[in-house]
Amino acid sequence: MDKSITISEENYDFWKTGAVISAVLSVITFTVFWNLEDPFWISISRLGAFIFFAITILCYLQIMNGPIEITLNMTDKNILVSYLKNGKKFHEEQFEKETIKEVFPTTSGVNFLLRKLKPTLKTFKVSFTDTDKDLYLFEFSGRPLLFSKASQEEVLQLFKNFT
């Protein structure tokens with residue numbers, strides 16, 4: 001019996017909000033820089049405008065391609081994890097079902113700031129029968145992907161029904 005779900009990473013909205021806020025602050029500090037005459041405050045406001053502009057660019061680069069979507073396909077023997085960006089598959093992993101001991105959500109991969117802003121965001125860790133170390137189930141470029149409460153429940157329900 002095959003079962004499939006698709007979930008999306010939650011961190012995407014955080015980057016969109018950060019880009020808008022830093023762009024507004026960049027415009028404000030640039031306007032202040034443009035209207036000042038004191039060299040000391042000119043340099044401070046120019047530095048602030050540059051910092052907020054750089055943050056805007058970095059946030060935009062994070063949101064440029066859209067959020068990562070993950071499709072989990074479960075068969076009787078295997079679990080296939082597909083990573084998609086803009087509807088195109090760019091990475092795929094396959095796990096044997098019998099080697100998975102447990103899948104559980106955790107906050108270990110969530111940084112302090114995000115934990116305070118969105119306490120429900122969690123990553124998934126998986127423990128295998130052939131190793132003692134828990135690994136992240138969903139990773140992209142070395143960073144664990146974060147999921148909302150609804151996505152967490154979907155994944156946990158899927159694993160509960162098939163183990």
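Described below are features of the structure shown in this document. (Residues numbered from 1 in each chain as written. Predicted model: local features only at pLDDT ≥ 70, side-chain atom pairs only at ≥ 80, totals over all residues. Heavy atoms only, no water.)

A cluster of nonpolar side chains, namely Val-20, Ile-21, Val-24, Leu-25, Ile-28, Val-32, Leu-36, Phe-40, Trp-41 and Ile-44, defines an oily patch on the protein surface of about 880 Å² accessible area. In terms of residue count, the dominant contributor to the nonpolar patch is helix H1 (residues 12-35) (six residues). Inspection of the secondary structure puts Val-24 in helix H1. Look at Val-24 and you get partly exposed, because its relative accessible area is 46%. (Patch = residues over 30% accessible without salt bridge, like charges linked within 9 Å, V, L, I, M, F, W, Y side chains within 5 Å. Areas by Shrake-Rupley, 256 points an atom, 1.4 Å probe, with all protein chains shown as cover. Salt bridge = Lys/Arg side-chain N within 4 Å of Asp/Glu carboxyl O. Helix = DSSP H or I, 4+ residues; strand = E, 2+ residues; numbered from the N terminus. Buried < 20%, exposed > 50% of the residue type's maximum accessible area, 1.4 Å probe, protein only.)

On to the packing of aromatic side chains. As enumerated under the stated definition, the model contains nine aromatic pairs in all. For the ring pair Phe-124 and Phe-138, a centre distance of 5.8 Å and an interplane angle of 90° mean the geometry is edge-to-face. Pair noted here: Phe-124 is in strand S6 (residues 123-128) and Phe-138 is in the loop between strand S7 (135-136) and strand S8 (139-140), with a separation of 14 residues, a long-range link. The residues Phe-124 and Phe-138 share a single accessibility class, namely buried. (Phe/Tyr/Trp six-rings, centres within 6.5 Å; stacked < 30°, edge-to-face > 60°.)

Our next topic: the pattern of salt bridges. Scanning the entire structure with this criterion turns up two salt bridges. Here Glu-9 and Arg-143 are joined by a salt bridge, their closest N and O atoms 3.3 Å apart. Here Glu-9 is found in the loop between strand S1 (3-8) and H1, whereas its partner Arg-143 is found in strand S9 (residues 143-144), with 134 residues between them in sequence. Look at Glu-9 and you get buried, because its relative accessible area is 8%. A salt bridge links Glu-92 to Lys-89; the shortest N-O distance between them is 2.9 Å. When its relative accessible area of 53% is taken as the criterion, Lys-89 is described as exposed.

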